[in-house]
Amino acid sequence: MPFLTRQPHDTAKPKAVAGSGAGPFGRGPGLRVLGAALALSTAWAGGATYYLVFHDEVLARFVSQQSTMQYGYESRIAALRFELERATVEQVTTRDGLATRLADLSRRQAALESRQGVLSALAGDPMASRLPELPAQVPAEDEIVREAAQRRPGATAKPFPTPEPGPAVDSPVEPLDLRGARESFRRTGLVVAHLARRLDGLAEAQSRAVAGIGASAGRTAQRLRGLVARTGLDPSRFESREPGLGGPLVPLGDDPFGIAAAQAQRAVTEAAALRRITETLPLRRPIAGDMPVSSTFGARLDPFTRGYAMHTGLDLRAETGEPAYATAAGRVTVADYNGGYGNMVEIDHGHGLATRYAHLSAYAVTPGQWVAAGALVGRVGSTGRSTGSHLHYETRIDGEPVDPQRFLRLADALAQVP
């Protein structure tokens, strides 16, 4: 290979030797580019190797994390569903209990209203008190559950609250806030209990009322029976023939109110019948005023013969022309001159009772005419066998004269009977 020889006095720059690497493409920049390319290749190769080696482990860890979160969500949803179902069952049970109590109160209220009608009929006028009204219905279970879910903190319109990711997945399930629903049921229960107590009080008041009505009617019937007996009459003579009765036998049962009402009804019916009897008795005064008696019923000295004779009525002092009144309602059977009676009016009051008004100066009625108690029948005079102006008044039972004072003295006592 040839060698270059250096001339002693040649100052020119030396020439590059072929293959030495000198020139515009020297060592520095080339090596840097080559190093960068080599590092990039190494990094890519390392990343690719890491991905190939650890790909399955990363994917498995990601899937496991997602599965854990999903399981947490499902667990919370299941717990919330269980809590909701438990609350629903609890509220439905409470609601059914309230509904049963309300139905029982409605039946009791209907029974009390029926009893009130019985009491009104017995008393003769409507009772002033009114029964309380029951609430229309209790809340439905869907409204209760909706209210409970809405009262839960952070609740939305979603059917189930959605758990938050991260640590909230493992947080305990918050119970549904049922305070509003329970408070609503508590208030409804208090209302139902108040109504029950009020219905109990009304039932007791009605029992006392029917007992009082029966006792009062019994006392009235006893007093009226005694008054009728004092006239010498048997109340049975006034009993009218009852129409035909019948039907199947239906026992009354063991209801205390029903038994008391039946007893009170019998007493009220008896008292009403006896009062109707007293209304047919000749108890009114035949003349106005104090009604002074000039001659009583029974044996007396006859004013004409001066010997003892039977006086069949009362002689009442009165001036000629004073009105004479019917002492009870009845039908006029006689309005004519009748011997020693002079001008006489006779009224048939039924049941064998009759009254006579004698020595009249004038008639105000005609035979066959129906007159009311207290109606004008004629004018006082002195016709017939009479020594002066007066009214001869008689009371007869089955045609036989009895002392009119038996009846006239009962007027004041009858006025005191309630």
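Rules of the game
Residues numbered from 1 in each chain as written. Predicted model: local features only at pLDDT ≥ 70, side-chain atom pairs only at ≥ 80, totals over all residues. Heavy atoms only, no water. Helix = DSSP H or I, 4+ residues; strand = E, 2+ residues; numbered from the N terminus. Buried < 20%, exposed > 50% of the residue type's maximum accessible area, 1.4 Å probe, protein only. Contact = heavy atoms within 4.5 Å. Areas by Shrake-Rupley, 256 points an atom, 1.4 Å probe, with all protein chains shown as cover. Core = buried A, V, L, I, M, F, W, Y, C linked by side-chain atoms within 4.5 Å. Expected span 1.5 Å × (residues − 1). Pairing = 2+ DSSP bridges. Patch = residues over 30% accessible without salt bridge, like charges linked within 9 Å, V, L, I, M, F, W, Y side chains within 5 Å. Salt bridge = Lys/Arg side-chain N within 4 Å of Asp/Glu carboxyl O. 1 Å grid on protein atoms, 1.4 Å probe; cavity = no way out; pocket = protein on both sides within 12 Å on 5 of 7 lines; lining within 4 Å. Points joined across faces, edges and corners; volume = space filled by probe spheres on them. Nonpolar A, V, L, I, M, F, W, Y, C, P; charged D, E, K, R; others polar. Polar contact = N/O pair within 3.5 Å; in protein donor to acceptor, adjacent residues only side chain to side chain.

Visitor: When you look at the overall build of the chain in this model, what are you seeing that I'm missing?
Guide: Of regular secondary structure, the chain possesses six helices and 12 strands. The buried share of the chain, taken over its 418 residues, is 30%. Pairs at least 24 residues apart make up 72% of the contacts formed inside the chain by residues separated by at least 6 positions. Put simply, the chain shows about 26500 Å² of open surface, and 57% of that area lies on carbon and sulfur atoms.

Visitor: What am I meant to see in the nonpolar core here?
Guide: The tendency in soluble globular proteins is for nonpolar side chains to be buried side by side. In terms of nonpolar packing, the biggest core is built from 20 residues, with Val 332, Val 345, Ile 347, Tyr 357, Val 377 and Leu 391 touching the most fellow members. Where this core is concerned, the elements lending two or more residues are β4 (314-317), β6 (330-337), β7 (343-350), β8 (353-363), β10 (376-380) and β11 (390-397). Other than its neighbours up to four places away in sequence, Leu 391 contacts Pro 286, Ile 287, Leu 314, Asp 315, Leu 316, Ala 324, Tyr 357, Ala 358, Leu 360 and Val 380. Core analysis: the next-biggest nonpolar cluster, separate from the first, contains 18 residues, Leu 227, Phe 238, Ala 271 and Leu 410 among them.

Visitor: Please explain the environment of Pro 256 as it appears in this structure.
Guide: Structurally, the position occupied by Pro 256 is in helix α4 (residues 256-280). The exposure class assigned to Pro 256 is exposed, which follows from its relative accessible area of 62%. In this structure, the C-alpha to C-alpha distance between Pro 256 and Ser 207, residues 49 residues apart in sequence, is 8.3 Å.

Visitor: So what exactly am I meant to see when it comes to α4 here?
Guide: Given 3.6 residues per turn, any residue in an α-helix points the same way as the ones three and four places further on. Taking 1.5 Å per residue, 25 residues should reach 36 Å; α4 reaches 37 Å between its end C-alpha atoms and fits that length. Among the residues of α4, Phe 257, Gly 258, Ala 261, Ala 264, Ala 267, Ala 271, Leu 274, Ile 277 and Thr 278 are the ones counted as buried.

Visitor: Help me out: how do you make sense of the pairing of strand β3 (residues 308-311) in this one?
Guide: It is a general feature of regular strands that their side chains alternate between the two faces of the sheet. Relative to β3, strand β2 (residues 298-301) is paired through four bridges, and the arrangement is antiparallel. Bridging from a neighbouring strand, Gly 298 pairs with His 311 of β3. From the end of β2 to the start of β3, which pair antiparallel, there are six residues, and Arg 306 there has a positive phi angle of about 60 degrees.

Visitor: I would appreciate a short explanation of a nonpolar patch on the surface in the present structure.
Guide: Taken together, Leu 59, Phe 62 and Val 63 make up a surface patch of nonpolar side chains, about 280 Å² in accessible area. Secondary-structure assignment places Phe 62 in helix α1 (residues 27-123).

Visitor: How should I be thinking about empty space enclosed by the protein in this particular structure?
Guide: Empty space among the atoms becomes visible once a probe the size of a water molecule is rolled across them. One pass over the full model with this rule turns up one cavity of 30 Å³ or more. Each pocket or cavity is described by its volume, and for the largest cavity that value is around 30 Å³. Around the largest cavity, the lining residues are Leu 227, Val 228, Thr 278, Leu 281, Leu 283, Leu 410 and Leu 414. Where the lining of the largest cavity is concerned, the elements lending two or more residues are α3 (179-230) and α6 (410-415). Classifying every residue of the lining of the largest cavity by side-chain character gives six nonpolar, one polar and no charged.

Visitor: Got a minute to help me understand the pattern of salt bridges in this structure?
Guide: Two side chains bearing opposite charge may form a pair once their charged atoms approach each other closely. Counted according to the given criterion, the structure contains seven salt bridges. Put simply, Asp 104 and Arg 107 hold a salt bridge, and the shortest N to O gap is 3.7 Å. Placement of the pair is Asp 104 and Arg 107 together in helix α1, with a separation of three residues, close to one helical turn. The exposed category is assigned to Arg 107, whose relative accessible area is 53%. Salt-bridge contacts for Arg 225 lead to Glu 270; the nearest nitrogen and oxygen are separated by 2.1 Å.

Visitor: I'm lost on the environment of Ala 354 in this one. Help?
Guide: Here Ala 354 is to be found in strand β8. Spatially, the C-alpha atoms of Ala 354 and Asp 398 are 8.0 Å apart, while their sequence positions differ by 44 residues. Leaving out residues up to four positions away in the same chain, Ala 354 has contacts with Ile 347, Asp 348, His 349, Glu 394, Thr 395 and Arg 396.

Visitor: What's the story with the environment of Tyr 363 in this structure? I'm lost.
Guide: Inspection of the secondary structure puts Tyr 363 in strand β8. Residue Tyr 363 is classed as partly exposed on the basis of its relative accessible area of 34%. Residues Tyr 363 and Val 345, spaced 18 residues apart in sequence, show a C-alpha to C-alpha distance of 7.7 Å. Contact partners of Tyr 363, with chain neighbours within four places excluded, come to Ala 335, Asp 336, Tyr 337, Asn 343, Met 344, Val 345, Val 377 and Gly 378. Within polar-contact distance, the side chain of Tyr 363 engages the backbone oxygen of Asp 336 at 3.2 Å. A distance of 3.1 Å separates a polar atom in the side chain of Tyr 363 from the backbone nitrogen of Tyr 337.

Visitor: Please explain the side chain of Asp 315 as it appears in this structure.
Guide: As for its placement among the helices and strands, Asp 315 is situated in strand β4. Under the relative-accessibility criterion, Asp 315 is labelled buried at 8%. At 3.3 Å, the side chain of Asp 315 forms a polar contact with the side chain of His 311. In terms of polar contacts, Asp 315 uses its side chain to reach the side chain of His 392, at 3.1 Å. Residue contacts for Asp 315: discarding those within four places in its chain leaves Pro 292, Val 293, Ser 294, Ser 295, Arg 300, His 390, Leu 391 and His 392.

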